[in-house]
Amino acid sequence: MKSEKELQQALTLHNHDFEWFSAKGKLKYKNVNESGRATINIRMKKDSIIWMNITKLSLEIARVKMTPDSMYIVYRWERFYEKGRLEEFTRAYNTNYNFSELQDLFFGNVATTNNVNFVERDSTKYHLSASKNGVNYDYHINPYNLLLEKFYAKDNSRREVIGKYGDYKDHGDGNLFSYLREYTFKEDDEVTYLAIDYSDIEIDVPKKIKFSIPSHYDEL
């Protein structure tokens, strides 16, 4: 039986600091209006920008830029674009994530606190709970390797996020990094599902980020 201090340390070790992050992966998404699969390329500079390129059959279908207060999407096939405040877009997908939380989501970090409480252990998991900034968290940690496998987050507005982590690999620095993530965002009866299966990952390697809106594209 592990102590609460050891389990707190396991959660702490799950998170990694970064200045730059880039990755390529397979994307699956589904909500009440649409579903599909695509390839996603992500580049992030901490506290500054999230850039995404989304392709199907090697053809770019969308390019996205997020900053701490804004978001831009260019739709290549339709030849139009949209822009607005970041919070408007995140609310449309049943979340209230801010920019920092979105960067953590794509990177794989989770919200942690120094006041994690042990709930129970069974044959499949350690169950921990915590609260932070009005959000209640439940964490499921593998009892054999102490890797985070799942978390639940719920606020007082009945919004809920379920995250699953898998396919942990040594990134080359001795730290294990989750290459497979699944997220489910719920609010009342509305559900959005997002899964990313990363392949190529680079951490703290600066990248060029290019984003422009063609002058002949119409605003949505």
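Attention here is on the structure that accompanies the text.

Conventions adopted
Residues numbered from 1 in each chain as written. Predicted model: local features only at pLDDT ≥ 70, side-chain atom pairs only at ≥ 80, totals over all residues. Heavy atoms only, no water. Salt bridge = Lys/Arg side-chain N within 4 Å of Asp/Glu carboxyl O. Buried < 20%, exposed > 50% of the residue type's maximum accessible area, 1.4 Å probe, protein only. Helix = DSSP H or I, 4+ residues; strand = E, 2+ residues; numbered from the N terminus. Pairing = 2+ DSSP bridges.

On to the pattern of salt bridges. A side chain of one charge can pair with a side chain of the opposite charge if their charged atoms are brought near each other. For the structure shown, the criterion picks out 8 salt bridges. As a salt-bridge pair, Asp 155 and Arg 159 come within 3.3 Å of each other at their nearest N and O atoms. Note on accessibility: Asp 155 and Arg 159 belong to one class, buried. One network of salt bridges, in which partners are shared, links Glu 60, Arg 63 and Arg 76.

Right, let's talk about unusual backbone geometry for a bit. Although it is not a glycine, Arg 79 adopts a positive phi angle of roughly 60°. Within the fold, Arg 79 resides in the loop between strand E5 (70–75) and strand E6 (80–85). Among the residues examined, Arg 79 registers a relative accessible area of 52% and is labelled exposed. In this structure, Asp 167 takes a positive phi of about 50° despite not being glycine. Mapped onto the secondary structure, Asp 167 falls in strand E11 (residues 159–170).

Where strand E1 (residues 20–30) and strand E13 (residues 190–203) come together, 9 bridges link them in antiparallel fashion. Bridging from a neighbouring strand, Ala 23 pairs with Ile 201 of E13. With 8 bridges joining them, strand E12 (residues 176–187) and E13 adopt antiparallel strand pairing. Looking across to E13, one finds that Leu 180 is bridged to Asp 197. Here E12 hands over to E13 after 2 residues, with Asp 188 in that stretch at a positive phi of 55°.

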